[in-house]
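Below, each chain spelled out in residue letters.
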Amino acid sequence: MDGSHNKLDRRVVRTKKMIKEALVELLSEQNSNNVSITDITQRADINRKTFYNHYAAVHEIIEEIENEIVEEFTVLIEGMDLMEELKNPYNLLNSLSTIMFKAIDTYGSILKQEHSLALLLKFAEKLKEAVITPLKKQTKLPKDVLNIYVEYIFIGMLAVYRRWLLAGQKQSLKEVSDILSTLSISAFEGLSKIRK
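Below you will find a few notes about this structure. (Residues numbered from 1 in each chain as written. Predicted model: local features only at pLDDT ≥ 70, side-chain atom pairs only at ≥ 80, totals over all residues. Heavy atoms only, no water.)

With respect to unusual backbone geometry
Line of reasoning, step 1. For D45, which is not a glycine, the phi torsion comes out positive at approximately 60 degrees.
Line of reasoning, step 2. One can find D45 in the loop between α2 (37-44) and α3 (48-54).
Line of reasoning, step 3. Given the relative accessible area of 69%, D45 is considered exposed. (Helix = DSSP H or I, 4+ residues; strand = E, 2+ residues; numbered from the N terminus. Buried < 20%, exposed > 50% of the residue type's maximum accessible area, 1.4 Å probe, protein only.)

Laid out in structure tokens, this is it:
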């Protein structure tokens with residue numbers, strides 16, 4: 001029984017991977033609004049019934065990919081000592097850059113879509129959730145003020161990555177990350193000087 005269950009699981013994973021790869025390829029050629037389920041099934045060489053066994057619509061695939069990227073980053077930041085990381089956010093930013101680079105390499109066509117702002121907002125929310133508690137211990141700012149400050153830092157940072165991607169990646173990812181690290185360190189240091 002277990003053997004057939006594992007075989008089924010592997011088949012599901014493989015089919016979903018084929019669907020995602022087909023979508024990513026199609027998105028490198030056209031806007032997500034123009035990609036149909038028929039396009040995906042033809043590219044993945046599956047029938048519509050197989051597609052509907054896993055997804056109801058194209059946007060569900062995109063959302064699942066976005067959630068996978070965010071989950072990978074969540075696992076990474078949960079393993080960090082954020083009190084230490086925030087003293088010098090370079091490692092945190094470098095980790096974010098690594099995941100963004102992997103996501104760009106694998107799912108760049110999705111990140112270039114107009115609605116990819118939703119992915120950036122998910123990233124920003126996860127970052128905010130992770131750093132608010134340690135930051136609260138380092139500043140006298142009320143939580144609602146701290147939320148605004150942190151959102152400003154992270155959404156700005158992620159917007160720079162998105163703009164870099166859309167502009168054709170003219171600078172190296174390391175150069176962009178170094179600049180963002182310097183700016184973020186200054187911003188976090190400035191936090192401790194703010195008084196309500």
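Brief notes about helix α4 (residues 58-78)
Line of reasoning, step 1. Between its first and last C-alpha atoms α4 spans 31 Å; for 21 residues at 1.5 Å apiece the expected length is 30 Å, and the two agree.
Line of reasoning, step 2. Along α4, the positions that sit buried rather than exposed are V58, I61, I62, I65, E66, I69, V70, F73, T74 and I77. (Expected span 1.5 Å × (residues − 1).)

Quick word on the pattern of salt bridges
Side chains that differ in charge, positive against negative, can pair when their charged atoms come close.
Line of reasoning, step 1. Under the definition given, this model contains 6 salt bridges.
Line of reasoning, step 2. The salt bridge partner of E64 is K16, with a shortest N-O separation of 3.2 Å. Of this pair, E64 sits in helix α4 while K16 sits in helix α1 (residues 2-27), and the two are 48 residues apart along the sequence.
Line of reasoning, step 3. Measuring nitrogen to oxygen at the nearest pair gives 2.8 Å for the salt bridge that ties E21 to K17. One end of the pair, E21, and the other, K17, are both in helix α1, 4 residues apart, so they sit about a helical turn from each other.
Line of reasoning, step 4. A relative accessible area of 48% places K17 in the partly exposed class. (Salt bridge = Lys/Arg side-chain N within 4 Å of Asp/Glu carboxyl O.)

Things to note about the environment of Q42
Line of reasoning, step 1. Structurally, the position occupied by Q42 is in helix α2.
Line of reasoning, step 2. Overall, Q42 belongs to the exposed group, its relative accessible area being 59%.
Line of reasoning, step 3. Measuring from C-alpha to C-alpha, the distance between Q42 and A22 comes to 8.6 Å, with 20 residues separating the pair along the chain.

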